[in-house]
Amino acid sequence: MSTFLGLPRAVDTSQLRGRPFPEAARAAVADPQLRRNLGDATATIRAKRARVVGEVPDWESLRAAGAAIKDHTLANLDSLLLQLEAAVTARGGTVHWARDSAEANRIVTELVRATGADEVVKVKSMATQEIGLNEALEAAGIAAWETDLAELIVQLGHDKPSHILVPAIHRNRAEIREIFLREMGAVGLPAPADLTDSPPALAEAARRHLRQKFLSARVAISGANFAVAATGTLSVVESEGNGRMCLTLPPTLITVMGIEKLVPTWQDLEVFLQLLPRSSTGERMNPYTSMWSGAVEGQDFHLVLLDNGRTAVLGDPSGRSALRCIRCSACLNVCPVYERTGGHAYGSVYPGPIGAVLSPQLTGPELNATLPYASSLCGACYDVCPVAIDIPTMLVHLRAQVPHPAPERAVMRAAAYAMGSPRRWAATRSASRAGRLLGGRRGRIRSLPPPLSGWTASRDLPVPPAEGFRDWWTRTHGSPPPATPPPAAGGDGAGAA
Amino acid sequence: MRIALFLTCLVDAVVPAAGRATVEVLERLGHEVVFPPGQTCCGQMHVNTGYPAEALPLVRRHVETFEPYEVVVAPSGSCVGSVRHQHAALARAAGDAELAARAAAVAARTYELSELLVDVLGLTDVGASYPHRVTYHPTCHSLRLLRVGDRPLRLLRAVRGLDLVELPGAEECCGFGGTFAVKNADTSTAMLADKMRAVLDTRAEVCAAGDSSCLLHIGGGLSRLRTGVRTVHLAEILASREGVA
């Protein structure tokens, strides 16, 4: 249970945090098959994205426009959400407001129960993963079927998604074939016994299995990539057509959407429908972009607006730009940490660099203390982000908010003290030259005590040289000049060496 | 030109050769180098590990130490990145607008070595000679915080006898990341393994970079595996003369 910090936070954080990152990462890094699957897949998507982004001459302007629209939206979220509610209601839909996971799950469960259905089809929605909707429905005796191919693989494998866009990125074709053969029959149409692991054969097995679900389901649950406040239009952007089947076939449609998914006007979509497909799948245009405003004739439509910690994120000027995120996953595909560990190591439905800043903000940083450190701050995520979220700076900001281990705090304070004056710093360096005693053969230190043993587990350290820089300088250039030469501006003579 | 050397704490404590080489290159080019002894550390380690309060006095010290100089140079993209992107922001966040303004002024006069040589001094040929097969790792902070681009490569291409070979996946992080290398040692090591494989694929004798921190990491791994490949700071190559390798 999180501490109340003055603004609403997610009450149930079970889908947003897991084991400490270094611990979970250790297992992932030790799995060669996983690393190969991830390395191949991210390299392919990375190259595709770079190619199609390179084709757009005004990409940087588009990116700036995307960031500006989202910032404007976040600054006016209160009035825009009311505008959205009014527009959806005017077009025959019903809007529900959910403060947290529990409220959202209760609303959706009651809506499904009211129809008398005991199964629903779903089109990929991160918001419903975030709140653990499938588990909540199952507890109420309602089966939820994922219809996105990758989500289906994950669900049938009793697994968790490990990528925002390619949830089964950690699986290869042979593993998928096995999952289909083993699991499909138990929950619907079985896979053909002679199933091969060729992509068309796997896709065909999934298509037949899913078609039966689409045709029998009376309720669909979707997410939304965008919502247009002015017209009450919702939009789902997907590649396989499964979304369109969910959105149009069942008589009841329930959409669960984070409150930040808004754009003010229809025209604003044009920016994002260019930014999103190129950044995510490396395509110039998205294959299936579905849009609907309110309820279609003969359909019952409900929109659940989910806060679940977002207002708290909005309250932090240094963190709120994480809410610009359009879930394209470009940051995952370029992140060297994600590439080695995969998404499960992040312990949250939001993996990768954006997850490392979003999850701790949604749960409160004290409940996700290792995620802000799950980055080398290389900055590749910032460079590819289509809405220019400065993830590295935000990670550093969050690192200042998490509780620090006592030994680390002691080391950092001692280092700051030593570096606080040149005299103390010089003394430390003399002591560090005593490190020469640790030097083994060839002037290399091969083992250090904890916490520095993390370094020497795989790396040598050079033995500090006999003559330090300052000694060399004095020998070759004579005595150093006064610590502060005659002031050009305000310096007040900070301690002589 | 009178140039103040911002040595960086890592070079000071562990790899003074990079500092000496920086002085040698600039003096050979006819410039006066001054070493302000009040300097200790820019505070990046504290900021990036989540200790901004501990970093603030270091930022103040850095600003006071380098404020009197017209041009400041450091043999590190990462530390210059910290001066340029963190110092003023940190002071502002602490409510010290005056320090923020002074930090921004110092940052505007602080250059990474390749920036100083190419942009300020207008040089690509510094008269060096280094007859070795060399590959260059651009380092993330030089690449993305400072956008030094191909400046280091232009400097290396002008070095007599140097055979520059392209590093596959050059722009990928080596896995150092400051305290990341210790806090997430397993992931850091996995990143290092791929970087080392790329270095070895080039068959270079030397892997060079403009940041001693990344070199310490890559070099520490190469040494552990006894590959025989050396890591050398860009400044050391630029300081080399014929007959002195």
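What you are looking at is a predicted structure, and each value in this text was computed from that prediction instead of being measured.

## Comments concerning the nonpolar core
1) Next: Counting residues in hydrophobic clusters, the biggest one holds 135 residues, and the most contacted among them are Leu84, Phe180, Met257, Leu262, Phe272, Leu303 and Ile354 of chain A.
2) Next: Not counting chain neighbours up to four residues away, the residues in contact with Met257 of chain A comprise Leu84, Ala224, Ala227, Leu234, Leu262, Leu303, Val304, Leu305 and Leu306 of chain A.
3) Next: Phe35, Val118, Ala235 and Ala239 of chain B belong to the second largest nonpolar core, which has 38 residues in total.

## Looking at unusual backbone geometry
Residue and element names in this part refer to chain B.
1) Next: Its identity is not glycine, yet Arg147 carries a phi of approximately 55°, on the positive side.
2) Next: Take Arg147: it is sitting in the loop between helix H9 (140–145) and helix H10 (151–157).
3) Next: For Arg147, a relative accessible area of 48% corresponds to the partly exposed category.
4) Next: With a phi close to 55°, Arg226 is a non-glycine residue in the positive phi region.
5) Next: Its place among the elements puts Arg226 in the loop between helix H13 (212–224) and strand E8 (230–233).

## Describing the interface of chain A and chain B
1) Next: Contact with chain A, which involves 77 residues of that partner, is made by 67 residues of chain B.
2) Next: The junction of chain A with chain B conceals about 6100 Å² of combined surface from both sides, 59% of it contributed by carbon and sulfur atoms.
3) Next: Here chain A is connected to chain B by 9 salt bridges.
4) Next: Linking chain A with chain B are 32 residue pairs in polar contact (both at pLDDT 80 or more).
5) Next: Sort the elements by how many residues they give to the side of chain A that touches chain B and helix H19 (residues 406–418) of chain A lands first, with 6 residues.

## Observations regarding the side chain of Arg278 of chain A
All names here are of chain A.
1) Next: When you line up the elements, Arg278 lands in helix H12 (residues 269–280).
2) Next: For Arg278, a relative accessible area of 14% translates into the label buried.
3) Next: Engagement of the side chain of Arg278 in a polar contact is seen with the side chain of Glu55, the distance being 3.0 Å.
4) Next: With residues near it in sequence (within four places) discarded, Arg278 still touches Arg49, Val52, Val53, Glu55, Val56, Trp59, Glu283 and Arg284.

## Remarks on the pairing of E8 of chain B
All names here are of chain B.
1) Next: The pairing of strand E7 (residues 206–209) with E8 spans 4 bridges and is classified as parallel. Paired with Ala208 across the two strands is Val232, which belongs to E8.
2) Next: Crossover connection from E7 via H13 to parallel E8: handedness right-handed.

## A look at the environment of Cys325 of chain A
Residue and element names in this part refer to chain A.
1) Next: With respect to the secondary-structure elements, Cys325 resides in the loop between helix H13 (310–314) and helix H14 (330–334).
2) Next: By relative accessible area, Cys325 is classed as buried at 8%.
3) Next: When the C-alpha positions of Cys325 and Glu103 are compared, they lie 24 Å apart, and in sequence the two are 222 residues distant.
4) Next: Sequence-distant contacts of Cys325, defined by excluding residues within four places in its chain, comprise Lys261, Ile354, Val387 and Ile389.

## Some details on the confidence of the model for chain A
1) Next: Averaged over chain A, the pLDDT score is 91; the fraction of residues at 70 or greater is 92%.
2) Next: The model gives residues 484–497 of chain A a pLDDT under 50, and that stretch makes 23 contacts with residues more than four places away or in other chains.

## Some remarks on the confidence of the model for chain B
1) Next: Here chain B shows a mean pLDDT of 97. Residues at 70 or above account for 99%.
2) Next: Confidence estimates for the predicted assembly give a pTM of 0.93 and an ipTM of 0.96.

## Looking at the packing of helix H9 (residues 173–187) of chain A against helix H10 (residues 199–216) of chain A
Working note: a packed helix pair is described by the angle between its axes plus the distance between those axes.
Residue and element names in this part refer to chain A.
1) Next: The geometry of H9 relative to H10 is characterised by a closest axis approach of 11 Å and an angle of 25° between their N-to-C directions. Compared by their axis directions, H9 and H10 come out roughly parallel. H9 and H10 meet at a crossing whose hand is left-handed. Taking contact as the criterion, the partners of Arg173, Ile176, Arg177, Phe180, Met184 and Val187 in H9 are, on H10, Pro199, Leu202, Ala205, Ala206, His209 and Lys213.
2) Next: Class assignment for the residues of the contact of H9 with H10 results in 8 nonpolar, 1 polar and 3 charged.

## Focus on the packing of helix H8 (residues 149–156) of chain A against H9 of chain A
Residue and element names in this part refer to chain A.
1) Next: The N-to-C vectors of H8 and H9 enclose an angle of 75°; their axes lie 9 Å apart at closest approach. With respect to H9, the axis of H8 lies roughly perpendicular. Seen from H8, the contacting residues are Leu149, Leu152, Ile153 and Leu156; seen from H9, they are Ile176, Ile179, Phe180, Glu183, Met184 and Val187.

## Details of the state of the cysteines
Residue and element names in this part refer to chain B.
1) Next: Counting across every chain of the model gives 0 disulfides over all chains.
2) Next: Unpaired in terms of disulfides, Cys41 finds its nearest cysteine sulfur in Cys9, a separation of 3.6 Å.
3) Next: What makes Cys41 buried here is its relative accessible area of 4%.
4) Next: Lacking any disulfide linkage, Cys207 is separated from the closest cysteine sulfur, that of Cys174, by 8.9 Å.
5) Next: On the basis of relative accessible area, Cys207 is assigned to the buried category, the value being 0%.

## Here we look at H12 of chain A
All names here are of chain A.
1) Next: Taking 1.5 Å of rise per residue, the 12 residues of H12 would be expected to cover 16 Å, and the 16 Å separating its terminal C-alpha atoms lies within 8% of that figure.
2) Next: For H12, the buried fraction is high: 9 of the 12 residues fall into the buried class.
3) Next: Just downstream of H12, Gly282 is the residue with a positive phi angle, here 70°.

What counts as what
- The numbers attached to residues start from 1 for each chain and follow its sequence in the written order.
- Labels follow written order: the first chain is A, the first ligand is 1, and so on.
- In keeping with the predicted nature of the model, local features appear solely for residues at pLDDT of at least 70, side-chain atom pairs appear and are counted solely at 80 or more, and the whole-chain, interface and lining totals rest on all residues.
- Side-chain figures throughout are based on the complete set of non-hydrogen atoms in the structure, without hydrogens or water.
- To qualify as a nonpolar core, a set must consist of buried Ala, Val, Leu, Ile, Met, Phe, Trp, Tyr and Cys residues joined through side-chain atoms within 4.5 Å.
- Relative accessibility thresholds used throughout: buried, under 20% of the residue-type maximum; exposed, over 50%; partly exposed, between the two (1.4 Å probe, protein chains only).
- The criterion used for residue contact is that any of the two residues' heavy atoms lie within 4.5 Å.
- A run of H or I in DSSP counts as a helix once it spans at least four residues, and a run of E counts as a strand once it spans at least two, with each numbered from the N terminus.
- Accessible area, probed at 1.4 Å, shrinks when two parts are joined; the buried area is that loss added up over both.
- Salt bridge criterion: a side-chain nitrogen from Lys or Arg within 4 Å of a carboxyl oxygen from Asp or Glu.
- By the criterion applied in these results, polar contacts are pairs of N or O atoms within 3.5 Å in which, for protein atoms, one can donate a hydrogen and the other can accept it, and in which residues neighboring in sequence qualify only through two side-chain atoms.
- Note: two strands are recorded as paired if DSSP finds a minimum of 2 bridges between them.
- Here the term right-handed applies to a crossover when the path leading from its first strand over the helix to its second strand runs clockwise, the strands being oriented away from the viewer.
- Every residue is assigned a pLDDT by the predictor, reflecting its confidence on a scale from 0 to 100.
- Angles shown run from 0 to 180 degrees and are taken between the N-to-C directions of axes, each axis being a line fitted to C-alpha atoms and, for helices, limited to the stretch in contact.
- Our angle categories are set so that under 35 degrees counts as roughly parallel, over 145 as roughly antiparallel, 65 to 115 as roughly perpendicular, and the remainder as oblique.
- Crossing handedness is defined as follows: a turn of the near helix away from the far one that is anticlockwise and smaller than a right angle gives a left-handed crossing, while the clockwise case is right-handed.
- The nonpolar class holds Ala, Val, Leu, Ile, Met, Phe, Trp, Tyr, Cys and Pro. Asp, Glu, Lys and Arg form the charged class, and all remaining residues, Gly among them, are polar.
- Only a pair of cysteine sulfur atoms within 2.5 Å counts as a disulfide in this structure description.
- One fewer than the residue count of a helix, multiplied by 1.5 Å, yields its expected span.

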